[in-house]
Amino acid sequence: MEAVQTGNLLFLTGMLPLAGGKPKHLGRLGAELDLEAGRDAAYTACLNALATAKAYLGSLDKVTRVVRLGVFVATAPDFREYPKLADAASELLESVFGKERTSSRIVPGVASLPLGMPVELEVILEVAP
């Protein structure tokens, strides 16, 4: 399941940079992909998170706050631009919900992600009852 709600929290996991059901980007940052491709992957994964939340809730108007954004990045050992890459997802959430309703963030680098994806997002949303 990509979306699970408990109480007033909606957990979205496994948000990948898919477009039309297919990977938009494959590879690791600093190896096969550059920062621009990584930012696009994070933005696309975040769009998918918003679409999943809307499908689950019926409307994004029910979101009262973005509690946490986790941006997991598959990287080569010398890639260090994690914050700049994750900013693409953070900026999208700020544009939708406003800066005052956006989240804390964690951006760990990992050796690999499912299906060879460069990023995977976890988003926790607070929702109105």
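Up top you'll find the structure we're talking about.
A separate point is the nonpolar core. With 35 residues, the main nonpolar core has Leu10, Leu12, Leu121, Val123 and Leu125 as its most contacted residues. Contributing elements (two or more residues each) for this core: β2 (9-15), α1 (35-57), β5 (63-74), α2 (82-97) and β8 (119-127). Element by element, the count of residues in this core is highest for α1, at nine residues. Not counting the four nearest positions on each side in its chain, leucine 10 is found in contact with Ala3, Val4, Gln5, Ala53, Tyr56, Leu57, Val123, Ile124, Leu125 and Val127.

Take the pattern of salt bridges next. Counted under the stated rule, the structure contains six salt bridges. The shortest N-O distance in the salt bridge between glutamate 122 and arginine 68 comes to 3.7 Å. Note that glutamate 122 is positioned in strand β8 and arginine 68 in strand β5, a separation of 54 residues in sequence. The buried category is assigned to glutamate 122, whose relative accessible area is 18%. Here arginine 105 ties to aspartate 87 by a salt bridge, and the two come within 2.9 Å at their closest N and O atoms. Of this pair, arginine 105 sits in strand β6 (residues 104-106) while aspartate 87 sits in helix α2, and the two are 18 residues apart along the sequence. By relative accessible area, which is 26% here, aspartate 87 ends up partly exposed.

This part is about α1. Here α1 is 23 residues long and its end C-alpha atoms lie 33 Å apart, about the 33 Å a rise of 1.5 Å per residue gives. Every buried residue of α1 is listed here: Ala37, Gly38, Ala41, Ala42, Thr44, Ala45, Cys46, Ala49, Leu50, Thr52, Ala53 and Leu57. Its buried side turned inward, α1 meets β1 (3-6), β2, β3 (18-19), β5, α2 and β8. Within two residues after α1, glycine 58 carries a phi angle of roughly 90 degrees, on the positive side.

Criteria and cut-off values
Residues numbered from 1 in each chain as written. Predicted model: local features only at pLDDT ≥ 70, side-chain atom pairs only at ≥ 80, totals over all residues. Heavy atoms only, no water. Core = buried A, V, L, I, M, F, W, Y, C linked by side-chain atoms within 4.5 Å. Buried < 20%, exposed > 50% of the residue type's maximum accessible area, 1.4 Å probe, protein only. Helix = DSSP H or I, 4+ residues; strand = E, 2+ residues; numbered from the N terminus. Contact = heavy atoms within 4.5 Å. Salt bridge = Lys/Arg side-chain N within 4 Å of Asp/Glu carboxyl O. Expected span 1.5 Å × (residues − 1).

Honestly, that's just the spatial picture; any functional story needs more than this.
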